[in-house]
Amino acid sequence: MTHQLFPTAALVRGPHGLALEGVALADIAAHQGTPTFVYSLAEIRRAYGAWRDALAGRDALVCYAVKANSNLGVLSAFARMGAGFDIVSGGELARVLAAGGEAGKVVFSGVGKSEVEMRQTLSAGIGCFNIESPSEVARLDAIARELGTRAPVALRVNPDVDARTHPYISTGLKNNKFGIAFDDAFDLYRDAAARPGLRVVGIACHIGSQLLDPTPMADATTKVLELVDRLAAAGIALEHIDLGGGVGIRYRDETPPTIAEYLAPILARLEGRREALHFEPGRSLVGNAGVLLTRVEYLKHGETMNFAVVDAAMNDLARPALYDAWHEVVEVAPHGEPQTYEVVGPICESGDFLAHERPLAVAEGDLLAILSAGAYGMTMSSNYNTRGRAAEVIVDGNAMHVVRERESVESLFALESRLPE
Ligand SMILES: Cc1ncc(COP(=O)(O)O)c(C=O)c1O
Ligand SMILES: N[C@@H](CCCC[NH3+])C(=O)O
């Protein structure tokens, strides 16, 4: 199996060093400073196109999982392509609407929907609530009745299959907090169907993230369909089946399935069915569309290790510290002979690393690109150590759009106040 050099074809090495599409990363750093997340619109379009093509001719809605990357520029690109959205908070709905997304194409997942969020999303007219507990059924029913409406609902079932991914991002096992235990779902459907504030429209299932093998989700689909048929026999006919997100991407040397390969065994099980399909992909749509551009502040040669201290840190990209995740680190313009470095940030934590033991040909002041940072990068960032969040830029061919300015220090404590004298 031969790999293309980088996990995205949008990243190329040109005469002015690394470029994303037609824009040199060095130019972005010169204009915008570092650290900066840079996303390729062509790669986002290509990834969404792969989902649409694999689902062509079907009644299917791709609901982009906003948690992966919720920048308004990114969301507006999905809205223009006709995507739906998978949200997990009222805040995410506000972003979707501000970006021009349609409320009717929004599905709302999550185990902890608050009353305020239920009112907000019901009033906005979202397409479906993916319910995760009996208490949530009761709460949503009461709020919908009070508002004089009926909330469209799906139950998110937990199929108890092993997604074979990192334990922190596996969601479909009995011991995970997500979804309704498979054996309890039938009775809860009957309860929901009898409530005047609810309209039962679907079923949802998501078993985990960064899945490299479609088999667990195909097995889950079989279980879901058995339940759908049992419900139909009991007079509860569902309009749609939502099979979640979770498709993995290449960070290092993984060989994830293409979207068509991932969907093939799932769609085979859905042959001849009348229900519409929903999916909730996040990472596979944006993960490899983004890089985190950072500058080397210092090279520090220790007794046993060499450190490249860069201006990005765990507050910008938490995945290495949180999951020991591997992100490719590439010199924007290599400089001299490679040496092995720990790539670390300025934060006061030993866990503040972006990469271990990487051969890098760099000098102080050089730029590095941390690849595959388009998903769960900026959205998981924080202001730890009173660091402003990075800027975000979208490139489109030769054009560069600043879609988020760097956070100013003043804005970081604008909501705070000193104690009264
Ligand atoms: C309910 C739900 N849907 C969709 C997603 C998006 O997953 P991914 O980014 O792996 O496609 C997640 C995150 O794992 C999720 O919890
Ligand atoms: N944040 C995780 C994925 C969690 C998926 C959300 N349910 C990651 O970076 O891999």
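Residues numbered from 1 in each chain as written. Chains lettered and ligands numbered in written order. Predicted model: local features only at pLDDT ≥ 70, side-chain atom pairs only at ≥ 80, totals over all residues.

As annotated in an unreviewed UniProt entry, the chain is Diaminopimelate decarboxylase from Pseudazoarcus pumilus. What UniProt records for the chain under Pathway (unreviewed entry) is the sentence "Amino-acid biosynthesis; L-lysine biosynthesis via DAP pathway; L-lysine from DL-2,6-diaminopimelate: step 1/1." Note on the chain: under the UniProt heading Cofactor (unreviewed entry), the record states "pyridoxal 5'-phosphate". (UniProt positions renumbered as here; feature names shortened; annotations may be inferred.)

(A) Here's a closer look at unusual backbone geometry. Following Thr34, the chain continues to Pro35 via a peptide bond in cis, the omega torsion being -5°. Positionally, Pro35 belongs in the loop between helix H1 (25–32) and strand S4 (36–40). Backbone geometry at Tyr376 places phi at a positive 55°, although glycine is not the residue there. Residue placement: Tyr376 occurs in the loop between strand S19 (367–370) and strand S20 (391–396). Judged by local crowding, Tyr376 falls into the buried class, with 26 C-beta atoms found within 10 Å. For Asn385, which is not a glycine, the phi torsion comes out positive at approximately 65°. Following the sequence through the fold, Asn385 ends up in the loop between S19 and S20. (Helix = DSSP H or I, 4+ residues; strand = E, 2+ residues; numbered from the N terminus. Buried ≥ 20, exposed ≤ 12 C-beta atoms within 10 Å, placed from the backbone.)

(B) Broad picture of the site of ligand 1. Near ligand 1 you find 17 residues, and of these Ala65, Ser209, Gly245, Gly282 and Arg283 are the closest. Taken together, the residues that form the shell around ligand 1 break down as five nonpolar, nine polar and three charged. (Near = placed C-beta within 6 Å. Nonpolar A, V, L, I, M, F, W, Y, C, P; charged D, E, K, R; others polar.)

(C) Structural context of the domain arrangement of the chain. As far as domains go, the chain holds domain 1 (11–40 + 287–412) and domain 2 (109–281). Each partner contributes residues to the interface: domain 1 has eight residues there, and domain 2 has five residues. Within the side of domain 1 that touches domain 2, the residues separate by chemical class into three nonpolar, four polar and one charged. (Domains from an automatic or database assignment. Contact = placed C-beta atoms within 7 Å.)

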